[in-house]
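Reading the structure
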Amino acid sequence: MDGVLVGKRLIGTQAPITVGWENIPRVQGGPVKLFVFTWFQPTILFALIAFWYYAPNSIAKASTAIWIGVGFRVLLLALEWVNPRYRSWQLTWKELVTDLFFVGLGYTILSTIEGYIGDGAVIEAVQNSFDWDKLAWFTGLPLLLQALLISFTFDFGQYWMHRGMHNWYPLWLTHAPHHFITQLNINKGAVGNPVELFLIGLGIGGFFDFLPRAALLAGTLGLAVGTYQHINVRFNTPRWWRFVFNTTEHHSLHHSQDYEATRSNYSGTWIIIDRMFGTCVDGEAELLGMEGGRRMTIRETMAYPFTEGWKTFKERFGKDRFGGSAAVPAE
Ligand SMILES: [Zn+2]
Ligand SMILES: [Zn+2]
């Protein structure tokens, strides 16, 4: 046997990752199913854009966006059930309970904290100190162009934050728990250490908060594109979509067990940013996670940056500071 048996899976004879769009499986089934799973993503995106573009001011507000977000997730949950990408990613009770813990955390504690020291504070600081007349050139642009610029600029910041997390150890400590997930489903975007979620949420979005309509449109791009990063659904994503936008396929490679593959596809919405900086790899992966797919508990996810950071600190500086008693891993 030329492969290595890890658990029940053969690693080595089977490539752990798939590279190239031509090698990715297509949706199997009748014409109706093919139609739905080819056009679902663009249809929802354009419908939501049309909604935010034409909705009267009484409806176009943040609370409506939250309810659309919830409804969209329920719809995607149904799609995961009808047409899963991988059986091995199917939801178990254990996964669901873990996911819901982090989704709940995101909706409650994090948004409160961010209100004080994150986006909320940025909005206030900016609005109190900025010379708004300088932005007249921006507010004079067509609404959709404003939205595209906001979305792109925000994602540009996220791209570098995410790439930084993969290249600078202190930031990596906060991001590593997210890379211990072993399957993708629509709630996995919320799973991670709260410090990381806060850092990723720190955006320049706050700068544009004075333009509610354009910001809502930009938010819809994030929702109707970025959500597909973590989902267990097989789509026949249109070629133009996957050239411009991030997809499940791209993000599954980013989460794969192959180290080199994880150093690609950093963007959230606009994969074209990865294409610009040479970090885009088209392909997909089924085997995900770190340390051979070890599942991380909620407790460890919460504590990891601190416990792991302390461990590394002791390993590096232990000899000098603790009289040579600290453990240095035997290799
Ligand atoms: Zn990452
Ligand atoms: Zn992810």
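Right above here is the structure, for reference.
Residues numbered from 1 in each chain as written. Chains lettered and ligands numbered in written order. Predicted model: local features only at pLDDT ≥ 70, side-chain atom pairs only at ≥ 80, totals over all residues. Heavy atoms only, no water.

**Considerations on the pattern of salt bridges**
- According to the stated counting rule, one finds 10 salt bridges in the structure shown.
- We note a salt bridge from Lys 188 to Glu 95, for which the minimum N-O separation is 2.6 Å. Note that Lys 188 is positioned in the loop between helix H7 (169–175) and helix H8 (194–201) and Glu 95 in helix H3 (residues 93–117), a separation of 93 residues in sequence.
- Where Arg 275 meets Asp 282, a salt bridge forms, and the shortest distance between an N and an O atom there is 3.1 Å.
- The partly exposed category is assigned to Arg 275, whose relative accessible area is 25%.
- Among the charged side chains, a salt-bridge network with shared partners connects Arg 85, Arg 234, Glu 249 and Glu 284. (Salt bridge = Lys/Arg side-chain N within 4 Å of Asp/Glu carboxyl O. Helix = DSSP H or I, 4+ residues; strand = E, 2+ residues; numbered from the N terminus. Buried < 20%, exposed > 50% of the residue type's maximum accessible area, 1.4 Å probe, protein only.)

**Here we look at the environment of Arg 242**
- Tracing the backbone shows Arg 242 in helix H10 (residues 239–244).
- In sequence terms Arg 242 and Ile 272 are 30 residues apart; their C-alpha atoms lie 9.0 Å from each other.
- In this view, Arg 242 contacts Trp 21, Arg 26, Thr 237, Thr 247, His 250, Ile 271 and Arg 275; residues no more than four positions away in its chain are not counted. (Contact = heavy atoms within 4.5 Å.)

**Focus: the nonpolar core**
- Formed by 31 residues in total, the largest nonpolar core has its most connected members in Phe 40, Leu 45, Leu 76, Tyr 228 and Phe 235.
- For this core, the secondary structure elements donating two or more residues are helix H1 (31–54), helix H2 (62–82), helix H6 (143–165) and helix H9 (212–226).
- The greatest single-element share of this core, amounting to 7 residues, is contributed by H1.
- Setting aside residues up to four positions removed in sequence, Leu 76 forms contacts with Phe 40, Ile 186, Thr 227, Tyr 228, Ile 231 and Val 233. (Core = buried A, V, L, I, M, F, W, Y, C linked by side-chain atoms within 4.5 Å.)

**A word on the coordination of the zinc ion (ligand 2)**
- Every protein donor of the zinc ion (ligand 2) is listed here as His 178 (NE2), His 230 (NE2), His 251 (NE2) and His 255 (NE2), and their distances to the metal cover 2.1 Å.
- One way to put it: the 4 donor atoms around the zinc ion (ligand 2) meet at angles of 93 to 161°, and that makes the site irregular.
- With a relative accessible area of 3%, His 251 lands in the buried category.
- For His 255, a relative accessible area of 0% puts it in the buried group. (Donors = N, O, S within 2.8 Å, 3.2 Å for Na, K, Ca; no water. Tetrahedral: all angles 85-135°; square planar, octahedral: opposite > 155°, others 65-115°.)

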